[in-house]
Amino acid sequence: MNSQKLAIQENTENIALVVGATGIAGSNLAAKLLEQGWTVFGLSRNPKNDSKGLHPIAADLLRTESLAAALRDVAPTHVFFTTWMRKDTEEENIRVNSAMIRNLLNVLSPKKSVKHVSLVTGLKHYLGPFDAYAKSGTLPQTPLREEQPRLDLPNFYYAQEDEVYEAAARDGFTWNIHRPHTLIGKTIGNAMNMGTTLAVYASICKREGTPFTWPGSEAQWNGISDVTDAKVLADQIIWAATNTEVHNEAFNITNGDVFRWKWLWPKIAEWFQIESAGYNGTIQPLERVLNEKNAIWKDITKEHQLIEGDLNQLASAWHTDLDLGRPLEVMTDMSRSRKLGFTTYKNTKDSFFELFTELRNDKIIP
C-alpha cells in the first residue's frame, strides 16, 4: 500500500509533513501531532522507525529529483519546517538553507495541497548570525520583540523566511514563523542541544569528582534568561497552524518563565549530586573541556551500558558556549502570542529535570 492511500485511510483533513523529524523540534512536534490524530509524515536524511504511527521519508532536500520521488505519493496540507544545515560561512548557510526550503516548496507546489507552512528559526534573528553572534555593535534591546527590525547583516534565518513568503505569495498558503530561545528536549545527534550537553558534562564531572563549572560569561551568569521546552514549541506551532486568526505572524516562544543561571546552575549540579562552581572572572569554554573527554565518556558508556558512546553525537558544546558566553542577558517577550490566546507554560527547572530523567531512563546518561 503506498503512502498516499495510507494517508487517505487516516486523517485527510490534517496531513502533516514534518521536515527534520529526528531533531529536537521535529520529533516532539511529530509526537504531539500524532497524539492529536493527524496523519504525519516525517522527512529526514536518516529517518528513524521508533515513533509509532509516523510515516518516515528519507530524502535529501538539496537533491530536487530524489526529493520529488520521495514525496511522489505525499500531499500534505501542512508543512512544518524544523531543520537546518550548518556551513563554514554565513554566505554558505544562506545558500544551502534557503535552497532546502525553496526545493521543498517547489516540489510540493504542483500538488496544490499545502494550506499552511510553519517555519522554526530562533533568536539569531535578533542576535545575529554565527560569525557575528551577539557582538558589540549588533546587540539588540531586550526583551526581544517580534517587531524589532532585521539586523543589517547576512542571516540565513532571513533567507529562510523570504523563501516562505515568496512561495506563499505564489501558491496562496498561509504561514507562521516560530522563534524559540535555546531548545530543551531529547534527541541524539542534534547540532544545538544544550540540555543533553549539560547532562553529559555533569555526568563526566561526577565520574571525575570535579566541580560542575560555569563555562560562560558574567552577563549570562548574573542576567535574566529564558529557554524553550521542545514540547512548548510544539504546542505553539500547532496552535498557530490551526487558528486562522493568527496566521501570517511571527511568534517568539519560550517557557513563559525567567531565571538567572546563577540560580539554576547549582540546582542542576544538585540533581546530579555534584558540586558546582560559578563565574570566576573568565569564560571557560565547554567545547575545550569536552574535547578532552572522549575516552572518559567511552569508559562511562561501557561501565553503565549506555546506548551512545560517541560524545560528539550527544554534546553540542560549541553551541552551548555561544549561548552561555553571550555578553548580555537575553530574555524574550511573549506578549504577542499571549494576547492572541496561547497560554502554554512550563517551569524551566522542570524542563531540565524531566529531560535528565528521560535521558537516564533511556540509558543515554548514567
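Nothing here was measured: the structure is a model prediction, and the numbers come from that model.

Trainee: Would you explain the overall build of the protein chain in this entry?
Mentor: The number of helices and strands found in the protein chain is 16 helices and 13 strands. Reported as C-alpha extents along the three principal axes, the dimensions of the protein chain are approximately 60 × 45 × 40 Å. In the protein chain, buried positions account for 54% of the 366 residues. For the protein chain, long-range pairs separated by at least 24 residues make up 78% of all intrachain contacts whose partners lie at least 6 apart in sequence. Working note: accessible area of the protein chain is about 15800 Å², and carbon and sulfur atoms make up 46% of it. Each charge class in the protein chain was averaged separately, 39 positive and 44 negative side chains, and the resulting centres sit 3 Å apart.

Trainee: Explanation requested: unusual backbone geometry in the structure shown.
Mentor: Glycine aside, negative phi is the norm for most residues, and most peptide bonds take the trans geometry. Cis peptide bonds are those with omega within 30 degrees of zero, and the linkage from Thr142 to Pro143 qualifies with 0 degrees. Position of Pro143 among the secondary structure elements: in the loop between helix H5 (124–127) and helix H6 (156–171). At Asn248, a position not held by glycine, the phi torsion is positive, near 60 degrees. Position of Asn248 among the secondary structure elements: in the loop between helix H9 (230–241) and strand S11 (249–253).

Trainee: Explain helix H16 (residues 348–361) to me, please; I cannot follow it from the model alone.
Mentor: Residues three or four positions apart in an α-helix share a direction because the helix packs 3.6 residues into each turn. With 14 residues, H16 should reach 20 Å at 1.5 Å per residue; the first-to-last C-alpha distance of 20 Å fits that figure. You can read the cap of H16 off the contacts: a side-chain oxygen lies 3.0 Å from the backbone nitrogen of Lys349, and it is on Asn347. Immediately downstream of H16, the backbone of Lys363 shows phi near 60 degrees, a positive value.

Trainee: Looking at this structure, how should I read the packing of helix H10 (residues 261–271) against H16?
Mentor: A pair of packed helices is captured by two measures, namely the crossing angle of their axes and the spacing between those axes. Closest axis-to-axis distance for the H10/H16 pair is 11 Å, and the angle between their directions is 25 degrees. Considering the angle they form, H10 stands roughly parallel to H16. Considering only the axes of H10 and H16, their crossing is right-handed. Judged by residue contacts, Trp261, Trp263, Leu264, Lys267, Ile268 and Trp271 of H10 engage Thr348, Lys349, Phe352, Phe353, Phe356, Thr357 and Arg360 from H16. The class makeup of the residues in the contact of H10 with H16 is 8 nonpolar, 2 polar and 3 charged.

Trainee: Can you walk me through the pairing of strand S4 (residues 78–81) in this structure?
Mentor: Along a regular strand, successive side chains alternate from one face of the sheet to the other. By the alternation rule, side chains of S4 split into His78 and Phe80 and Val79 and Phe81, which are all buried. Bridge analysis of strand S1 (residues 15–19) against S4 gives 4 bridges, and the strand direction is parallel. In the strand pairing of S4, Val18 is matched with Phe80. One ladder, built from 4 bridges, connects S4 with strand S5 (residues 116–120); its direction is parallel. When the sheet's bridge partners are listed, Phe81 is paired in S5 with Leu119.

Trainee: Can you walk me through the sheet that holds S11 in this structure?
Mentor: Across a sheet, strands are paired by hydrogen bonds formed along the backbone, either parallel or antiparallel in direction. Reading across the sheet, the 7 strands line up as S3-S2-S1-S4-S5-S6-S11 and stay open at both edges, with parallel pairing between neighbours. Each end of this open sheet is capped by a strand with a single partner; those strands are strand S3 (55–58) and S11. Strand-to-strand twist in this sheet, taken as the mean axis angle between neighbours without regard to direction, amounts to 20 degrees. Sheet strands touched by helix H2 (residues 24–35): S1, strand S2 (39–44) and S4. Its angle to S1, the strand with the most contacts, is close to 165 degrees.

Trainee: It is not clear to me how the side chain of Glu163 should be interpreted in this structure. Could you clarify?
Mentor: Following the sequence through the fold, Glu163 ends up in helix H6. Here Arg102 takes part through its side chain, which lies 2.6 Å from a polar atom of the side chain of Glu163. What Glu163 contacts, discounting residues up to four positions off in sequence, is Ser98, Ile101, Arg102 and Leu105.

Trainee: Before we go on, may I ask you to explain the pairing of S11 in this structure?
Mentor: Among the 5 residues of S11, 4 are classified as buried, and the element is accordingly described as predominantly covered. As paired strands, strand S6 (residues 174–180) and S11 are joined by 5 bridges and run parallel to one another. Within the sheet, the bridge partner assigned to Ile177 lies in S11 and is Ala250.

Trainee: Looking at this structure, I do not really get the packing of helix H7 (residues 194–208) against H10. What am I missing?
Mentor: One can describe the packing of H7 onto H10 by two numbers: an axis separation of 11 Å at closest approach and a directional angle of 50 degrees. In this view, H7 runs oblique relative to H10, as classed from their interaxial angle. Each of Met194, Leu198 and Tyr201 in H7 lies in contact with H10, whose residues at this interface are Trp261, Trp265 and Ile268.

Trainee: Got a minute to help me understand the environment of Glu35 in this structure?
Mentor: Within the secondary structure layout, Glu35 lies in helix H2. It is 30 Å that separates the C-alpha atoms of Glu35 and Ser66, two residues lying 31 residues apart in sequence.

Trainee: Is there a simple way to think about the pattern of salt bridges in this case?
Mentor: Two side chains that carry opposite charge are able to pair once their charged atoms sit near each other. Using the criterion set out here, one finds 15 salt bridges in the structure. Two residues, Glu303 and Arg207, come together in a salt bridge whose shortest N-O distance is 2.9 Å. You can see Glu303 sitting in helix H12 (residues 294–304) and its partner Arg207 sitting in helix H7, a full 96 residues away along the chain. Glu303 sits in the exposed class, given a relative accessible area of 52%.

Trainee: Honestly, the nonpolar core in this entry has me stumped. Any pointers?
Mentor: Grouped burial of nonpolar side chains is what soluble globular proteins tend to show. Membership of the largest hydrophobic core comes to 38 residues, with the highest contact counts inside it found for Phe212, Trp261, Trp265, Ile268, Trp297 and Phe352. For this core, the secondary structure elements donating two or more residues are H7, H10, helix H11 (286–290), H12, helix H13 (311–314), helix H14 (317–324) and H16. Top element by residues in this core is H7. It accounts for 8 residues. Once residues lying within four places of it in the same chain are set aside, the contact partners of Trp297 are Val200, Ser203, Ile204, Leu306, Glu308, Gly309, Asp310, Leu311, Leu314, Ile364, Ile365 and Pro366. With 31 residues, the next largest nonpolar core counts Leu67, Val114, Val164 and Ile177 among its residues.

Here is what the cut-offs are and how they apply
Every chain is numbered on its own, with residues counted from 1 as its sequence reads. In keeping with the predicted nature of the model, local features appear solely for residues at pLDDT of at least 70, side-chain atom pairs appear and are counted solely at 80 or more, and the whole-chain, interface and lining totals rest on all residues. For the side-chain quantities, the full set of heavy atoms in the structure was used; hydrogens and water were omitted. Comment: elements are numbered from the N terminus, with helices defined as DSSP H or I runs of at least four residues and strands as E runs of at least two. Three labels apply to residues, based on accessible area from a 1.4 Å probe with only protein chains included: buried if under 20% of the type maximum, exposed if over 50%, partly exposed otherwise in between. By the convention used here, residues are in contact when the closest approach between their heavy atoms is within 4.5 Å. Here, Shrake-Rupley sampling with a 1.4 Å probe gives the accessible areas, and only protein chains in the shown set may cover a residue. Counted as positive: Lys and Arg. Counted as negative: Asp and Glu. His and the chain ends are not counted at all. Note that the charge is assigned to NZ on lysines, CZ on arginines, CG on aspartates and CD on glutamates. For a helix, the expected span equals 1.5 Å multiplied by the number of residues minus one. Two N or O atoms form a polar contact when they lie within 3.5 Å of each other; inside protein one atom must be a possible hydrogen donor and the other a possible acceptor, and for residues adjacent in sequence the pair counts only when both atoms belong to side chains. A fitted line through C-alpha atoms serves as each axis, taken over the contacting stretch for helices, and the angle formed by two N-to-C directions is quoted from 0 to 180°. Roughly parallel here means an angle under 35 degrees, roughly antiparallel means over 145, roughly perpendicular means 65 to 115, and every remaining angle is called oblique. Throughout, a crossing is termed right-handed when the near helix is turned clockwise from the far one, and left-handed when it is turned anticlockwise from it by less than a right angle. Three residue categories are used. Nonpolar comprises Ala, Val, Leu, Ile, Met, Phe, Trp, Tyr, Cys and Pro, charged comprises Asp, Glu, Lys and Arg, and polar comprises the others, including Gly. Here, strands pair whenever DSSP counts at least two bridges between them. For salt bridges, the criterion is a side-chain nitrogen of Lys or Arg within 4 Å of an Asp or Glu carboxyl oxygen. Nonpolar cores are built from buried Ala, Val, Leu, Ile, Met, Phe, Trp, Tyr and Cys residues. Side-chain atoms within 4.5 Å join them into one set.

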